[in-house]
Amino acid sequence: MKAKPYRSFMVAWGAMIFLTIAAAHAHQIGVVQFANGSTHPTKISRYLLDQAKADTQKPGQIVLLRAGASPVGGAAYNFVLSGERAAAIRNVLVEHGIPRKKIVSQYVGIVHRGSAAADRAVIVDATTRQALANGGEQVATPQATPSQIRKLQAEIAALQAAQARKPKPKAATKPARVRNWTGGAFYLSRTASVNSTTTTPAWYQPGSQQQASYGDTYNMSSFGFGLSRRPFSVWGLPVRFRMRGVSQQAQVVNPVLSGTSVISFTGNSYLIRPLLVRDSVATQFVQAEISTALKPFGVTIEPGFAVGWMGAQSVSGGETYTPFQNCPNGQPGTCGGVTTTNLASTNGPSIHVTPSLRLGLGPVSLSYSQSPWGAGGFNAPRVIMGQVNWGHLLQVKAGVALPDCPSVCQGGSSITNGKILSLSLARWGWGANITEVLGEKFTQDGEAVPATLAQIMAPFSPSRPWDSYNPGTTITITKDLTKDVQASVSYGYESEAGLGNSAQTNGLDSVQTSAVIKTTEIALKGRF
């Protein structure tokens, strides 16, 4: 294949203009390396910059840049490439304080220095202009025709235009920021209704029966936050940290049904009078969980503990009996009276600490935990949970909630164990979870009680409904809004009924109680 005329001409052209230096009176300061096809130096040492500046401060001294290119690519392309490499080093030297007039560039395109890395390098020498004028050796070259010169100039211009159209090399990107924290906020609304229906003798017609309904409703709203940290190292051990806080406001209304409220004993009959009591209850909960993980023989052992603080809780309760003064027989109090609720009691702030443990082997794990909240003789249930993961797609949990009521579960009161089943599915930025908690029935003095005050007022989390005595169904839908932000909506429903003592007690024939608890939560969380 016949060589193109411009190749030999260009070599001669560069040698005639910029000289090939014999370097008899020059010494090398350093070498700057370039990657293949690049005009950005890989590294320029501080020593090279300082030495070049010191040499140029001497009378008559200049810096000579000898730039080249490897044989990869065409001659015209490499000629332009070597010139850009020399210009890149020249600009760095100027920025370092070396006058531009004391820098001479030599670039001739393709060179042969023994290796591709050496061919691509820019050699930085210290020399004098006299050495360039007298010590240099010109290379004899054949004369080029005007048409060859025009063709070479047109080809170089085309190469420069093509290179200008190429996207500029991206600046070195900063390492991706590691987001160690996950935080979120939520709003939760709950409505709980506890009703009782009794059959009583009518006071106005001895021997007849009248049905009366009475009960309580609790309207609650909660604001809260959650915070967790990626595992971090303490004394060589990985530590996991989580925190959650809730501020809960509840309004208690008694009773929930009209026309039936308080029952007062009048000898052999009952007197029904309307009564409406409203109390506002505010409570704060904060809990923190800390755990660490050990992995002997491939088994994960993660012990930990939770610390919970519950603020002061004001709860209305108690009754006051006011006898009627205007009795038909003229004797006050002999014809009955009215019972009202007026006693306010306060449970002071408290702190609880509970242990936890998780054992894991591959996708299977078994854990024990207990939320640290507790109030009114109730502590949160002790939960034993098994879990199986199928990658990030599917998660199944099954477990049991064991009651912990040190003072309430005495004297004939008891709570049955809760049974837990939870299924989670995630795909394409969406997630769904359904959790079913069965059991946890209250029995007090031989009567089934569907819900208690401690159960209703406990800090409820739709993601962990088994941590409080709330059987029922909870459904949660999540959506990834961005790579680091996720929104979720949860809805929980519980409906229970329990038959009270059917034997007559103080004139009451039977008591039928029922409870309905509805929960809605909206949450937003993200990594930062």
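## Notes on the overall build of the chain
For the chain, the helix and strand inventory stands at seven helices and 28 strands. By the burial criterion, 38% of the 528 residues in the chain qualify as buried. The long-range share in the chain, meaning contacts at least 24 apart out of those at least 6 apart in sequence, stands at 67%. Accessible area for the chain stands at about 28,700 Å²; split by element, carbon and sulfur atoms hold 59% of it.

## A short note on helix H2 (residues 46-56)
Each α-helix turn comprises 3.6 residues. Residues three or four places apart therefore point the same way. Along H2, the positions that sit buried rather than exposed are Leu48, Leu49, Ala52, Asp55 and Thr56. Buried residues of H2, viewed axially, fall in a sector of 135 degrees; they line one side. In H2, those exposed residues whose orientation departs by more than 90 degrees from the buried face are Arg46 and Tyr47. On its buried face, H2 sits against strand S1 (27-32), strand S2 (61-69), helix H3 (75-95) and strand S4 (122-128).

## Re the sheet that holds strand S3 (residues 103-110)
Spatially, the four strands line up as an open sheet ordered S1-S4-S2-S3, and their pairing is mixed. The open sheet has two free edges, formed respectively by S1 and S3, since each of these has just one partner strand. This sheet shows a mean twist of 20 degrees between the axes of neighbouring strands, independent of strand direction. With seven bridges connecting them, S2 and S4 associate as antiparallel partners. When the bridges of S4 are listed, Leu64 appears paired with Asp125. In the packing of H2 onto the sheet, contacts are made with S1, S2 and S4, and the angle to S1 comes to roughly 145 degrees. Where H3 meets the sheet, it contacts S1, S2, S3 and S4, and its direction lies at approximately 155 degrees from that of S3.

## Considerations on the side chain of Gln370
In this structure, Gln370 sits in strand S17 (residues 364-370). Gln370 sits in the buried class, given a relative accessible area of 9%. Separated by 2.7 Å, the side chain of Gln370 and the backbone oxygen of Ala380 make a polar contact. A polar atom in the side chain of Gln370 sits 2.9 Å from the side chain of Asp404.

## Some words on the environment of Gly30
Its location among the elements puts Gly30 in strand S1. Look at Gly30 and you get buried, because its relative accessible area is 12%. Setting aside anything within four residues of it in sequence, one finds Gly30 in contact with Leu48, Val122, Ile123 and Val124.

## Section: the pairing of strand S22 (residues 418-427)
Sheet topology note: the strand S20 (residues 394-404)/S22 ladder contains eight bridges and is antiparallel. For Gln395, the partnering residue across the bridge sits in S22 and is Ser424. Of the pairings in the sheet, the one linking S22 to strand S23 (residues 430-439) comprises ten bridges and is antiparallel in character. Residue pairing for S23: Ile420 is matched across the bridge by Val437.

## Quick notes on the nonpolar core
The biggest cluster of nonpolar side chains holds 17 residues, and the ones touching the most others in it are Leu48, Leu65, Ile89, Leu93 and Val124. Mapped by element, the contributors of at least two residues to this core are S1, H2, S2, H3 and S4. Once you skip the residues sitting within four places of it in the chain, Val124 turns out to touch Gln28, Ile29, Gly30, Val32, Leu48, Val63, Leu64, Leu65 and Ile89.

## So, the packing of aromatic side chains
Applying the stated criterion across every chain yields a total of six aromatic pairs. Sitting over the ring of Phe460, Arg190 keeps its end group 4.4 Å from the ring centre.

## Side note on the pattern of salt bridges
Following the criterion strictly, the structure yields ten salt bridges and no others. The shortest N-O distance in the salt bridge between Arg46 and Asp50 comes to 3.7 Å. One end of the pair is Arg46 and the other is Asp50, both in helix H2 and four residues apart, which spans about a single turn. Assessed through its relative accessible area of 58%, Arg46 is described here as exposed.

## Here we look at a nonpolar patch on the surface
Nonpolar side chains collect at one region of the surface, where Val286, Ile290, Phe305, Val307, Trp309, Ile351 and Val353 lie side by side and expose about 590 Å² of accessible area between them. Of all the secondary-structure elements, those providing two or more residues to the nonpolar patch are strand S10 (277-292), strand S11 (300-310) and strand S16 (350-361). Counting residues per element, the nonpolar patch draws most heavily on S11, at three residues. Secondary-structure assignment places Val353 in strand S16.

## Observations concerning the confidence of the model for the chain
Per-residue confidence for the chain gives a mean pLDDT of 76, with 68% of residues at or over 70. Strand S9 (residues 270-273) is the least confidently modelled element of the chain, averaging 39 in pLDDT, while S17 averages 95, the highest of any element. With pLDDT under 50 throughout, residues 1-9 is counted as low confidence; its partners more than four residues away or in other chains account for eight contacts. Overall, residues 136-143 carries pLDDT values under 50, and its contacts beyond four positions in sequence, including any with other chains, amount to nine contacts.

## Here's the deal with the environment of Ile123
Inspection of the secondary structure assignment puts Ile123 in strand S4. Through-space distance from the C-alpha of Ile123 to that of Ile29 is 8.0 Å; in sequence the pair is 94 residues apart. Those residues within four positions of Ile123 in sequence are excluded, and the remaining contacts are Gln28, Gly30, Val31, Leu64, Leu65, Arg66 and Arg113.

## Section: the environment of Asp484
Position of Asp484 among the secondary structure elements: in the loop between strand S26 (472-480) and strand S27 (485-499). Its relative accessible area of 16% is what places Asp484 among the buried residues. Taking the C-alpha atoms as reference points, Asp484 and Lys525, 41 residues apart in sequence, are found 8.3 Å from one another. The contacts of Asp484, once residues within four sequence positions are left out, are Arg179, Lys525, Gly526 and Arg527.

## Overview of unusual backbone geometry
Negative phi is the rule for most residues except glycine; trans is the rule for most peptide bonds. The backbone phi angle of Trp235 is positive, close to 55 degrees, even though this residue is not glycine. When you line up the elements, Trp235 lands in the loop between strand S6 (209-234) and strand S7 (237-254). At Phe297, a residue that is not glycine, the phi angle is positive and equals roughly 55 degrees. Locating Phe297 in the fold gives a position in the loop between S10 and S11.

About the thresholds
- Residues numbered from 1 in each chain as written.
- Predicted model: local features only at pLDDT ≥ 70, side-chain atom pairs only at ≥ 80, totals over all residues.
- Heavy atoms only, no water.
- Helix = DSSP H or I, 4+ residues; strand = E, 2+ residues; numbered from the N terminus.
- Buried < 20%, exposed > 50% of the residue type's maximum accessible area, 1.4 Å probe, protein only.
- Contact = heavy atoms within 4.5 Å.
- Areas by Shrake-Rupley, 256 points an atom, 1.4 Å probe, with all protein chains shown as cover.
- Arc of directions from axis to C-beta.
- Pairing = 2+ DSSP bridges.
- Axes fitted to C-alpha atoms, helices over the stretch in contact; angles between N-to-C directions.
- Polar contact = N/O pair within 3.5 Å; in protein donor to acceptor, adjacent residues only side chain to side chain.
- Core = buried A, V, L, I, M, F, W, Y, C linked by side-chain atoms within 4.5 Å.
- Phe/Tyr/Trp six-rings, centres within 6.5 Å; stacked < 30°, edge-to-face > 60°.
- Lys NZ or Arg CZ within 6 Å of the ring centre and 35° of its normal.
- Salt bridge = Lys/Arg side-chain N within 4 Å of Asp/Glu carboxyl O.
- Patch = residues over 30% accessible without salt bridge, like charges linked within 9 Å, V, L, I, M, F, W, Y side chains within 5 Å.
- pLDDT = per-residue confidence, 0-100.

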